[in-house]
Amino acid sequence: MKEIVCMSGVELLMEYMEGALTPDVRAAIEAHVAGCPRCDAFIASYRETPRIVRDATRVEMPAGLEASLLTALRNARN
Ligand SMILES: [Zn+2]
């Protein structure tokens, strides 16, 4: 089985988190991450990102703001 080498496997980690890997590769990654704080932290931060983006979007883009921005952009172009 291919050895999972720390940080050379970022692409593999992304595919792992998207569920795009075969079970044996997933098992190899899980075995590595279990003993690797860096990869564990990488996965944890990756999983946290979408929630942060959603929260930010909810706070900073209230209903109607997108339409207002589009109107402002059209006006600025004229
Ligand atoms: Zn690692």
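Residues numbered from 1 in each chain as written. Predicted model: local features only at pLDDT ≥ 70, side-chain atom pairs only at ≥ 80, totals over all residues. Heavy atoms only, no water.

1. Things to note about the environment of D40
Here's step 1: Within the secondary structure layout, D40 lies in helix α3 (residues 37-60).
Here's step 2: Sequence spacing of D40 and E30 is 10 residues, and the spatial spacing of their C-alpha atoms is 9.3 Å. (Helix = DSSP H or I, 4+ residues; strand = E, 2+ residues; numbered from the N terminus.)

2. Description of the packing of helix α1 (residues 10-17) against helix α2 (residues 23-34)
Here's step 1: α2 packs onto α1 with a crossing angle of 115° between their chain directions and a minimal axis gap of 11 Å. The angle between α1 and α2 places the two elements in the roughly perpendicular class. Crossing geometry of α1 relative to α2 is assigned as left-handed. The segment α1 lies against α2, with L12, L13 and Y16 engaging V25, R26, I29, E30 and V33. (Axes fitted to C-alpha atoms, helices over the stretch in contact; angles between N-to-C directions. Parallel < 35°, antiparallel > 145°, perpendicular 65-115°, else oblique. Left-handed = near helix turned anticlockwise from the far one by under 90°. Contact = heavy atoms within 4.5 Å.)

3. Structural notes on the nonpolar core
Here's step 1: Listed in full, the 10 residues of the largest apolar core are L12, L13, Y16, M17, L21, I29, V33, C36, C39 and I43.
Here's step 2: Looking at this core, the elements with two or more residues in it are α1, α2 and α3.
Here's step 3: Broken down by element, this core gets its largest block of residues, 4 residues, from α1. (Core = buried A, V, L, I, M, F, W, Y, C linked by side-chain atoms within 4.5 Å. Buried < 20%, exposed > 50% of the residue type's maximum accessible area, 1.4 Å probe, protein only.)

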